[in-house]
Amino acid sequence: MKKYISTIFLAFLFTACARELPVTENTVFSGDTMRFRAALEDEGTKAALSGSPSDMSRSLIWQPGDAIVVSNGQNVAKFTSIEESDTYVAEFAGSILEGTKYYASYPYRSDTRFSSGKFNINLPAEQKYVRDGIDGESLAMIARLEDGVFQFKNLCGIFVINVTGSSEVTSITFIGYDDSGKVIPVAGPASVDMNYTTTPRVEMASNASFSVSVNCLDAEGKGVMLSSDVPTAFHVALPPGEYTSFKVRVKTKDGGMVQNGNKPLYLKRSERKTATAFAYAPSNDYLSSGGTANCYIIPSFGTYCFDASVKGNSFESVGNAVSAEVLWETFNTTEKPNVGDVVSDVRLEAGDIYFKANRNGNALVAVKDADGSILWSWHLWVSEGYDAHASSQLYYNGAGIYMDRSLGALNNNPGDPLALGLVYQWGRKDPFPYRASLGDYQEVSTTADYFPDITTTSSVTIDYSVKHPMEKYYSSEESRGDWLYPVDGQLDTTRWAARKTKYDPCPPGWKVPDVDKWSLATMGYSGSRPVVDVNLYGVNLKNYFGDDDIWYQSADNYQYWWGSTAAIYYFEWRPGPSIEGQCFYFSPDGIWASSMRPSNTSFVRCCDERTSPEVSALGVTGTSSTSVIFEGQIDSNGGFAVTGTGAVCSTNEWAIRNMDLYQDYVHWATSSDTSESFSVSASGLQGNTTYYYRVFASNAIGNGYSEMSSFTTPLSGRADPIGNNPFEW
């Protein structure tokens with residue numbers, strides 16, 4: 001069933017639904033395993049979907065290797081199909097579960113549980129695109145053992161979104177609302193009461209997700225090409241329910257758009273409904289077309305809107321928002337703005353915030369509940385003519401693509417105070433205005449009266465800081481250094497992370513960079529460290545980080561830029577452990593990777609979320625005393641097409657483990673094989689020798705490496721060492 005439901009062969013469907021299922025055999029025990037038979041019941045399962053004849057789908061079949069979760073009412077176990085060919089009634093085998101009643105769910109997930117008569121399952125928030133159909137594993141099913149056979153019933157319905165155009169689609173996202181405008185949970189944790197009478201019902205958990213996306217990228221990073229003549233169908237599995245209104249976000253390689261549903265969607269279990277086709281047209285005024293975030297860049301003056309229904313880049317609802325409001329505005333200068341100078345006409349409508357951008361500057365807007373409490377807030381970065389991707393800079397050695405200025409800066413001209421930007425406490429999503437001058441201290445003017453410094457107590461949580469985005473927090477314990485207190489004695493190092501979190505302050509497609517990426521950029525550099533320009537209060541990192549003029553502006557002759565990770569330290573002068581945010585630091589003495597207390601404020605220089613490829617080593621084959629074939633797998637292309645693959649190896653474990661330091665002292669083997677599973681051949685080995693290696697894949701960013709592995713060549717003569725490797729012995 002892993003394949004898909006196609007939209008052809010209607011007659012075949014009715015034949016399959018009408019066939020008589022053999023149910024005379026009971027559960028079979030064999031040794032330490034037991035077997036169950038599983039069938040796709042007619043009417044109400046994947047074998048049949050209600051709707052108009054043109055919407056009907058071919059029946060779904062069991063395939064060899066399919067797996068289900070089986071429960072005896074307490075424990076769960078994995079059962080796998082033992083059939084050797086496709087079939088409508090399959091036999092599944094697994095470890096013996098003692099009991100009198102049995103239940104099953106599909107697809108198999110290791111986190112599925114059974115408790116108090118209910119299956120606790122997960123509906124996928126990301127589904128896989130399948131041409132003319134739907135990925136079988138997106139359609140959850142459950143079953144009770146009846147007459148010796150699991151009769152599976154479908155839990156969801158299918159909504160078909162038809163789009164025309166000429167762009168390459170990367171994802172389709174569905175968000176539904178009830179009659180009060182509140183977002184409806186559609187994915188993630190859910191439960192199904194298995195004591196149902198005739199029809200099972202899905203109950204979404206309180207921490208469920210509020211949107212479902214169809215991932216349209218294949219293994220090579222290619223999307224789905226639209227046609228101007230024939231609509232392309234995107235199938236989305238959704239829980240049954242009444243969606244009073246909904247919106248569909250289309251993301252393409254040239255932008256995106258949002259289409260609002262023009263009438264309610266009433267979707268039943270096992271029903272397939274098709275929406276009227278709409279034409280894709282990139283929308284420059286919908287800021288969330290490329291995804292949601294806590295910051296949006298506004299490149300020209302005019303009217304815009306963005307998705308204000310979810311937290312950051314997550315699918316988590318902000319709650320029941322009833323109004324939107326501007327909290328502060330600034331020109332990044334000493335000139336005090338009037339309310340509405342930077343952004344005006346702010347309103348909340350159907351989960352989106354609409355506003356008008358009038359002048360360069362920065363603003364913070366928030367949504368509030370009926371009691372006037374802030375639920376979430378967003379940074380609006382108005383900078384006319386600024387195109388973050390067009391002006392981005394590629395750093396060396398696969399360290400990534402970075403913005404050419406700090407977050408909130410209005411230009412990147414050396415020595416200009418407008419190049420400073422805004423500052424952040426580590427791990428917080430909301431910015432604070434900084435300075436309006438270089439050298440001497442002049443504060444930026446804002447529409448807000450003040451930004452209070454609060455000495456924190458144990459009552460300050462992340463949620464509390466979200467509701468008070470204009471307050472800076474400092475620990476009442478001088479030794480602690482963090483604005484956030486431990487929870488149950490545990491220090492939180494995950495507010496920002498290597499993978500973008502909902503608290504990340506960067507715009508869609510960007511994130512706070514990893515500190516080790518800065519070190520990676522300088523790998524192999526043998527010159528003197530760049531010198532800080534004491535007159536312009538900054539440093540140019542050209543030929544150190546990359547080929548471009550890479551300017552980092554400061555208000556003084558030293559400054560910090562936050563990284564995405566934190567570490568726990570033990571200091572003699574501080575009782576107990578302490579968290580330190582990792583950062584990049586420069587001063588007249590040099591450029592360093594450093595750390596700093598999270599309560600301090602500092603700049604952020606965002607990097608592109610797209611990365612070098614993620615790769616796994618699958619072992620070696622064809623090993624002889626002088627040659628070997630490395631096998632690898634591309635787990636992710638990082639957002640760019642893979643251009644090549646390869647492997648590095650050495651007899652010295654340290655050299656392979658620390659590639660950032662010793663890349664010139666290992667043997668390189670390359671290949672033009674860019675398939676998902678690739679092979680790389682290497683020769684010139686020594687017999688009876690242990691080698692350490694990593695496979696890699698390359699894209700526009702650079703090389704992405706696997707974890708280190710090893711192998712030993714057989715004894716059969718000797719050959720010359722590979723490469724000029726001083727670590728050989």
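The preceding data block contains the structure.
Parameters and conventions
- Residues numbered from 1 in each chain as written.
- Predicted model: local features only at pLDDT ≥ 70, side-chain atom pairs only at ≥ 80, totals over all residues.
- Heavy atoms only, no water.
- Core = buried A, V, L, I, M, F, W, Y, C linked by side-chain atoms within 4.5 Å.
- Buried < 20%, exposed > 50% of the residue type's maximum accessible area, 1.4 Å probe, protein only.
- Helix = DSSP H or I, 4+ residues; strand = E, 2+ residues; numbered from the N terminus.
- Pairing = 2+ DSSP bridges.
- Contact = heavy atoms within 4.5 Å.
- Polar contact = N/O pair within 3.5 Å; in protein donor to acceptor, adjacent residues only side chain to side chain.
- Axes fitted to C-alpha atoms, helices over the stretch in contact; angles between N-to-C directions.
- Disulfide = S-S within 2.5 Å.

1. Side note on the nonpolar core
- Ranked by internal contacts, the top residues of the largest apolar core, which has 50 residues, are Phe 306, Phe 355, Val 367, Trp 378 and Val 604.
- Taken together, the elements giving at least two residues each to this core come down to β27 (295-298), β28 (302-307), β31 (352-357), β32 (361-368), β33 (374-382), α2 (462-467), β42 (559-570) and β43 (577-587).
- Here the element with the most residues in this core is β33; it accounts for 6 residues.
- In this structure, Trp 328, Val 515, Tyr 552 and Phe 584 belong to the second largest nonpolar core, which totals 34 residues.

2. What about the pairing of strand β44 (residues 590-596)?
- Inspection of the sheet shows β43 paired to β44 by 7 bridges, in the antiparallel sense. Within β44, the position partnered with Phe 584 by the bridge is Ala 593.
- Linking two consecutive strands that pair antiparallel, namely β43 and β44, is a turn of 2 residues.

3. Quick word on the environment of Thr 461
- Mapped onto the fold, Thr 461 is located in the loop between β37 (453-456) and α2.
- Counting along the chain gives 22 residues from Thr 461 to Trp 483, while the straight-line C-alpha distance between them is 8.9 Å.
- With near-sequence residues (within four places) excluded, Thr 461 lies in contact with Trp 483 and Leu 484.
- A polar contact of 3.1 Å, which involves the side chain of Thr 461, links it to the backbone nitrogen of Tyr 464.

4. Comments concerning the sheet that holds strand β47 (residues 614-621)
- Strand order in the open sheet formed by 3 strands is β47-β48-β51, with antiparallel pairing between adjacent strands. Pairing within the sheet leaves two strands with one partner each, and these edge strands are β47 and β51 (677-683). With direction set aside, neighbouring strand axes in the sheet form an average angle of 30°.
- One ladder, built from 7 bridges, connects strand β48 (residues 627-636) with β51; its direction is antiparallel. Within the sheet, the bridge partner assigned to Phe 630 lies in β51 and is Val 680.

5. Comments concerning the side chain of His 379
- On the secondary structure map, His 379 appears in strand β33.
- Not counting chain neighbours up to four residues away, the residues in contact with His 379 comprise Asn 294, Cys 295, Tyr 296, Asn 362, Ala 363, Leu 364, Gly 408, Leu 422, Tyr 424 and Pro 431.

6. Topic: the sheet that holds strand β17 (residues 202-204)
- A sheet is described by the order of its strands in space; here 4 strands give the open sequence β8-β9-β16-β17, paired in antiparallel fashion. Lying at the two open borders of the sheet, with one neighbouring strand each, are β8 (113-115) and β17. Geometrically, the sheet is characterised by an average inter-axis angle of 35° between neighbouring strands, direction not taken into account.
- Taken together, the 6 bridges between strand β9 (residues 118-123) and strand β16 (residues 188-193) define a ladder with antiparallel strand orientation. Following the sheet pairing, Asn 120 is matched in β16 by Ser 191.

7. Digging into the state of the cysteines
- Scanning all chains against the criterion turns up 1 disulfide.
- A disulfide bridge connects Cys 506 with Cys 606, and the sulfur atoms are separated by 2.2 Å. The disulfide joining Cys 506 to Cys 606 has a torsion of about -90° about its S-S bond and is therefore left-handed. Of the two residues, Cys 506 is situated in the loop between β38 (472-475) and β39 (510-511) and Cys 606 in the loop between β45 (601-602) and β46 (607-608); the sequence distance between them amounts to 100 residues. With respect to burial, Cys 506 and Cys 606 carry one shared label: buried.

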